Structures are given as structure tokens and as C-alpha cells.
Amino acid sequence: GQQVQQSPASLVLQEGENAELQCNFSSTATRLQWFYQHPGGRLVSLFYNPSGTKHTGRLTSTTVTNERRGSLHISSSQTTDSGTYFCAIGGGGSALGRLHFGAGTQLIVIP
Amino acid sequence: EAAVTQSPRNKVAVTGGKVTLSCNQTNNHNNMYWYRQDTGHGLRLIHYSYGAGSTEKGDIPDGYKASRPSQENFSLILELATPSQTSVYFCASGDVSSYEQYFGPGTRLTVL
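Every chain's residues receive numbers from 1 upward, in the order its sequence appears when written. The lettering of chains begins at A and the numbering of ligands begins at 1, in the order of writing. pLDDT decides what is reported in this predicted model: residues at 70 or higher carry local features, side-chain atom pairs at 80 or more are listed and counted, and totals for whole chains, interfaces and linings draw on all residues regardless. Side-chain measures here rest on the full set of heavy atoms in the structure, leaving out hydrogens and waters.

Caption draft 1: Highlighting the sheet that holds strand β7 (residues 59–64) of chain A. All names here are of chain A. If DSSP finds at least two bridges between two strands, the strands pair. Only runs of H or I of at least four residues qualify as helices and only runs of E of at least two qualify as strands under DSSP, and these elements are numbered from the N terminus. A sheet is described by the order of its strands in space; here 5 strands give the open sequence β1-β3-β8-β7-β6, paired in antiparallel fashion. Two strands lie at the open edges of the sheet, namely β1 (4–7) and β6 (52–56), each paired on one side alone. When the angles between neighbouring strand axes are averaged without regard to direction, this sheet yields 15°. Direction of pairing for β6 relative to β7: antiparallel, over a ladder of 5 bridges. The axes used here are C-alpha line fits, helices contributing only the stretch in contact, and every angle between their N-to-C directions lies in the interval 0 to 180 degrees.

What follows is the structure in C-alpha cells.
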């Protein structure tokens, strides 16, 4: 089955620094979705990005499907960016609509 | 953004008891999903559904049943709860054109 590897597992930044979160997957995929989980638990969709590059504010998602990888870039980090970021992969040989989640990257931004 | 709600938000159950977790979505999405989240495992899929009356097994269905009585509602049922089912459970709904998923706030279940 689909395996999703996220790196790093955890990251500590000084406020203002940039971060690059990586997502690698083992099998063919047709979609990639990035989620942010608040420390209180709610998951929020950041990007649905099957391929190419998308920007929202300080966040940039890049997906290179044929290389089985994606990345999430956070620029000028803020303390409110602290939380856990999940990459989830779907499509390819997976059942319709299924997503396979990585274990997440825990980000801590200190002032 | 899709509106997905879950109830209860917190639940304490006894071993061997029956637990029902409920999920409601108001965006007319065909697909709905139940996940559990445990430290070190990320989110794992328990059951999912393609529409009213359908349920499919995910990766870890043992000990769980699901019910989709309507487009809006999807329940997860633990007939005989065990302490190993202590976890945070998330429901999600998904659009069939893109399969993008939207999550509820989660239910924290403790089985004593």
C-alpha cells in the first residue's frame, strides 16, 4: 500500500525564519493535500495540490507527482504557525477518495 | 469551507460498553470518512462511505462498525469498547470531483 514519509519529524524555528517541510510517497498518486492541526486538535486544509505550485500568504505548496514528492514552504514564520503539519496522498491505485496520511511534522516557533 | 460537526466532543466509556460517535456534514458531499489519531501513527482510516447506505472498510476496521443512514450523517459504532480504542476520532467529508477532504473537530474517547 501507499507509504507516506514526512520530514523532518519535528522542527524548532526562531520567529522570522523559513521552514521547508518534505513529503515523499511510495506509489503513484494523483493528489496531495496538506493539513495543519491546531494544538487544540482541529485539522484545517491548507492546500489541495495535485501538481505544480500554489501560494497562500506565507505558504507555498509544491507537488512533483512523477517524482513522488511534495513540499510545504513557510516563510517568515510566526509563533501562530506552531502546530503539526500533515501531508496526505490519494489517487493512483488507491480506492476512490482515500487519503493516506504521513506521521506529521511538528513545528514549534519561538519568539 | 465544508461544515462537519461531531458529537459528542468528549466521551468516557466502560470496557464492554457500546459507543456511538456521530458525524454530520451540511455540504452535500457524497464521501465521508472516519479516522483515529494516536501518537506516532498520524491518522488511520477506519471506515468510509461513498453515499447513503454504503460503508467500506478502511485500514483498521476491526472492532468498529459504521452506518450511513443519509447523505448528511455517518456514525461509527463500537459494539464492545476496549481500552485500546481510547483515541481521538475524526470524521471528514469529501467532494467527489476533487476528493478534497474537510475535517470535523474530533471526538476524544476514553475507554476505562
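Caption draft 2: Local environment of the state of the cysteines. When two cysteine sulfur atoms lie within 2.5 Å, the pair is treated as a disulfide. Summed over all chains, the structure comprises 2 disulfides over all chains. With its sulfur 1.9 Å from that of its partner, A:Cys23 forms a disulfide with A:Cys87. The chirality of the disulfide connecting A:Cys23 with A:Cys87 is left-handed, given an S-S dihedral of about -60°. Of this pair, A:Cys23 sits in strand β3 (residues 19–25) while A:Cys87 is found in strand β9 (residues 83–90), placing the two residues 64 residues apart along the sequence. There is a disulfide in this structure between B:Cys23 and B:Cys91, and the S-S distance comes to 1.9 Å. With the S-S bond torsion at -75°, the cross-link from B:Cys23 to B:Cys91 turns out left-handed. With B:Cys23 in strand β3 (residues 19–25) and B:Cys91 in strand β9 (residues 87–94), the pair connects residues that are 68 residues apart, well separated along the chain. Type-normalised accessible area, obtained with a 1.4 Å probe on protein chains alone, sets the label of each residue: buried when under 20%, exposed when over 50%, and partly exposed for intermediate values. Accessibility expressed as a relative area gives 2% for B:Cys23, which makes it buried.

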